[in-house]
Amino acid sequence: MSLELTAPTPDAPEVAEDGVWLADIETGETYAPFDEIRYTGEDGNLLEVRYADPPTFEDFQGQGRGVWRYRAALPFEEGVSLPEGDTPLHEAPRLREEIGVETLRVKHEGMNPTGSFKDRGMTVGVRVAKELGVDRLACASTGNTSAALAAYGARGGMETLVLLPSGKVAAGKIAQAALHDARILEVDGNFDACLDIVQDLAKLGEVYLLNSLNPFRLEGQKTIGLEILEEFRDDYGRFPDRIVLPVGNAGNTSALYKAFRELVQSGALDPSEVPMLTGVQAEGAAPMVEAIENGWEDTKRWDHVETRATAIRIGNPVNAPKALPGIRQTGGTAVAVSDDAITEAQRDLAREGIGVEPASAASVAGLKKLRDKGVVDADEDVVCLTTGHLLKDPDAAFEAGGKPEPVANDTQAVLDLIGAN
Ligand code: F0G
């Protein structure tokens, strides 16, 4: 495949600090990275972090493991760390066989310190918050961001405030935010409403916003892509053809695309080697799929969203203007899957010993569907991203799994029950 990846401009503008600056993705307007708190450009456009010296694979050699191995691709040398990253790239031989692809690896981001990929963004985001001298951190969340913010805020000695959609956040995630001592506000509305409010609070200067609208979060999340490329190349001598991932606010999709663009820009990666970014959403919350199918420049907000995969129960993906070009430019696609297909994929992964929450299983459900439709070929090397740990959502795990059986306090009763002689 040959494609033209739009690369960010390498020339540092005057506002750059140590070769790092912020740029409006629509107008190209540049801003100093740490002089003032800024989440968007003048017209409310998304910002991205840019570098005078984008990284090569050699830059990462001998730099340890985890997110900060990739410091050459990040705005700081080190962050507020627990530490994070260096997650397993599991093999899943039975699933590979069943789905029918050349290679299937599962990058299990549920193995991060708080059990999701959000930790990669927070180690950078909380470091930036320290640089800016803010003291109260906040986010809207379907759960995982709030758990990560609470833990990293605690680690950094900062106050944290999280806004959650009432009744729609899995138990494990609220428990984490609570124990790490976030102030938790349950809003009578969905995630998108929570994000509207947190953005208002940030504009009023009451909080420092650490949702993925904050461009620094995505810098940390780029390291998922960097780890996948390095490890896949070490194992097979080539890069994967496709990366399949669940999509909510589309931050990860944007972050992976940015990681690849920067490697292309430095000459470390040929555009033909960039994996096809393939996004998966739940049928009840699929504005990105709708935009891809209709060729739209941006998503249209879904006011009513519903899915068992509560982590991706999102109707207004704020990073769509970054993620849609990522999917298109890499030759990828987006697909919606049913809640039942998500649960089935959760069971499939569990049978391989990989325990994930429902949203994570969407990647595998999406791969199956695309393979069945012939969109994914049998000769493809595929990496599925599983974004959160099984224990995040114990209720969903109980629903999907076998049920405990009561038995008398007696060996014979146990033998009888298991059908032993
Ligand atoms: N998977 C899980 C487990 C998530 O928690 C999220 C997002 C996603 C996938 C989607 O990632 O937004 O980068 O497209 N969770 C956010 C939260 C919204 O608040 O925890 P995305």
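In what follows, the structure referred to is the one given above.
Bear in mind the structure is a predicted one, so any value in this text is a computation, not a measurement. (Residues numbered from 1 in each chain as written. Predicted model: local features only at pLDDT ≥ 70, side-chain atom pairs only at ≥ 80, totals over all residues. Heavy atoms only, no water.)

A. Region of the structure containing the packing of helix 2 (residues 118-132) against helix 3 (residues 144-155). Two elements in contact, helix 2 and helix 3, have axes separated by 9 Å at closest approach and are oriented at 40°. In terms of orientation, helix 2 and helix 3 fall into the oblique class. The element helix 2 and its partner helix 3 pack so that their crossing is right-handed. Residues K118, D119, M122, T123 and V126 of helix 2 lie in contact with helix 3, whose contacting residues are N144, T145, A148, L149, Y152 and G153. Taken together, the residues of the contact of helix 2 with helix 3 sort by class into 5 nonpolar, 4 polar and 2 charged. (Axes fitted to C-alpha atoms, helices over the stretch in contact; angles between N-to-C directions. Helix = DSSP H or I, 4+ residues; strand = E, 2+ residues; numbered from the N terminus. Parallel < 35°, antiparallel > 145°, perpendicular 65-115°, else oblique. Left-handed = near helix turned anticlockwise from the far one by under 90°. Contact = heavy atoms within 4.5 Å. Nonpolar A, V, L, I, M, F, W, Y, C, P; charged D, E, K, R; others polar.)

B. Up close: the site of the ligand. Lining the immediate surroundings of the ligand are 19 residues, of which S141, T145, G248, N249 and T387 lie closest. The contact in question runs from a nitrogen atom of the ligand to an N or O atom on the side chain of K118, over 2.9 Å. Contact between the ligand and T387: a nitrogen atom at 2.6 Å from a side-chain N or O atom of the residue. A majority-of-atoms criterion places the ligand in the largest cavity. (Near = heavy atom within 4 Å. Polar contact = N/O pair within 3.5 Å; in protein donor to acceptor, adjacent residues only side chain to side chain. 1 Å grid on protein atoms, 1.4 Å probe; cavity = no way out; pocket = protein on both sides within 12 Å on 5 of 7 lines; lining within 4 Å. Sits in = over half its atoms within 2 Å of the grid points.)

C. Representation of the nonpolar core in the model. Within the largest apolar cluster, 51 residues are counted, with the highest numbers of intra-cluster contacts made by V126, V128, L137, L149, Y208, L210 and F216. Counting residues per element, the ones that place at least two in this core are strand 1 (20-24), strand 3 (47-51), helix 2, strand 6 (136-140), helix 3, strand 7 (159-165), helix 5 (191-203) and strand 9 (208-209). Setting aside its immediate chain neighbours within four residues, Y208 contacts I37, Y39, G125, V128, A129, L132, V134, R136, L137, A138, N214 and F216. A92, L95, A362 and L367 belong to the second-largest nonpolar core, a separate cluster that totals 29 residues. (Core = buried A, V, L, I, M, F, W, Y, C linked by side-chain atoms within 4.5 Å. Buried < 20%, exposed > 50% of the residue type's maximum accessible area, 1.4 Å probe, protein only.)

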